[in-house]
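Chain by chain, the residues run as shown.
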Amino acid sequence: MKKINWIILFLALGISSSCLKNEICSPSNIELKAGIYTLLETDGIVDTIPLKIDLDSIYGLILEDKNWLINESQIDEINFPLNDASNETGFVLSIGGIKDTIQFAYEKHLLFNSVKCGTSYTYTINNITNSSNFLKNIILINSEINVLSTENIQLVF
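If you're wondering where the values come from, they're calculated on a predicted model, not measured in any experiment. (Residues numbered from 1 in each chain as written. Predicted model: local features only at pLDDT ≥ 70, side-chain atom pairs only at ≥ 80, totals over all residues. Heavy atoms only, no water.)

Some thoughts on the pairing of strand 3 (residues 53–60)
For the record, the criterion: The buried label goes to any residue with under 20% of its type's maximum accessible area, the exposed label to any with over 50%, and the partly exposed label to all in between, with areas taken from a 1.4 Å probe on protein chains only. Secondary structure elements are taken from DSSP: a helix is a run of H or I of four residues or more, a strand is a run of E of two residues or more, and numbering for both begins at the N terminus. A pair of strands counts as paired when DSSP detects no fewer than two bridges linking them.
Within strand 3, six of the eight residues are buried, which leaves the element mostly enclosed by the surrounding structure. The pairing of strand 3 with strand 6 (residues 88–95) spans four bridges and is antiparallel. Paired with Ser57 across the two strands is Ser94, which belongs to strand 6.

With respect to the side chain of Ser94
Applied cut-off: We call two residues in contact when some of their heavy atoms are within 4.5 Å.
Structurally, Ser94 is set in strand 6. In this structure Ser94 touches Leu55, Asp56, Ser57 and Lys99, once residues within four positions along its chain are discounted.

Notes on unusual backbone geometry
For Asp43, which is not a glycine, the phi torsion comes out positive at approximately 55 degrees. Relative to the elements of secondary structure, Asp43 occurs in the loop between strand 1 (31–42) and strand 2 (45–50). Even without a glycine there, the phi angle at Gln74 is positive, about 55 degrees. Checked against the element boundaries, Gln74 lands in strand 4 (residues 67–75).

Description of the packing of aromatic side chains
We apply this condition: Only the six-membered ring of Trp is used, alongside the rings of Phe and Tyr, when aromatic pairs are assigned; centres must lie within 6.5 Å, and planes under 30 degrees apart are stacked while those over 60 apart are edge-to-face, with the rest tilted.
Enumeration over the complete set of coordinates arrives at six aromatic pairs. Note on Phe80 and Phe104: the rings are 5.4 Å apart at their centroids and 55 degrees apart in plane angle, and the pair reads as tilted. Highlighted residues: Phe80 in strand 5 (residues 77–81) and Phe104 in strand 7 (residues 98–114), separated in sequence by 24 residues. We note that Phe80, like Phe104, is buried. Centre to centre, the rings of Tyr121 and Tyr123 are 6.4 Å apart; their planes meet at 25 degrees, and the pair counts as stacked. Overall, the relative accessible area of 25% leaves Tyr121 in the partly exposed class.

Quick look at the environment of Ile141
Mapping Ile141 onto the fold places it in the loop between strand 9 (137–140) and strand 10 (144–145). Residues Ile141 and Gln154, 13 residues apart in the sequence, show an inter-C-alpha distance of 7.1 Å. Contact partners of Ile141, with chain neighbours within four places excluded, come to Glu151, Asn152, Ile153 and Gln154.

Some thoughts on the environment of Thr89
Within the secondary structure layout, Thr89 lies in strand 6. Separated by 29 residues in sequence, Thr89 and Gly60 have C-alpha atoms that sit 7.8 Å apart. Apart from residues lying up to four places away in sequence, Thr89 is in contact with Pro81, Leu82, Asn83, Ile102, Gln103, Phe104 and Tyr106.

Details of the side chain of Gln154
Looking at where Gln154 falls in the secondary structure, it is placed in strand 11 (residues 153–156). In this structure Gln154 comes out as buried when scored by relative accessible area, which is 11%. Not counting chain neighbours up to four residues away, the residues in contact with Gln154 comprise Gly35, Tyr37, Thr48, Asn137, Ile138, Ile139 and Ile141.

Quick look at the structure:
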């Protein structure tokens, strides 16, 4: 009988400790982080140098009437939101009336945060395609996108 009481006590402690009443759910804003760069060649060595650009707008490829970013000047990074309902998403960047598209293909990984906070996604970038009207290159630095991610890609202008 004592053994059953101990088992019930441990189960009760385990269940009550997993449901924290004061748990704070911070919003998980998981986005692909892009730094903006240019290339500089010195003595045959090519380096990426941080750059600031002026953008007319950025909008989702399928949401042309919904600008996500308008008339931003001197930006050195862009955080692209990814679509949880799909495995790919695209954006149009406009500079001086010239447009380039960027499309990201990715795998989604569902994470269980807690009973109170629910779930969120992390992503792994599989492929990036782009047009090159003013955008020279995209360099993949870190394919894993999560809360702790730093820069994922470098946009080279």
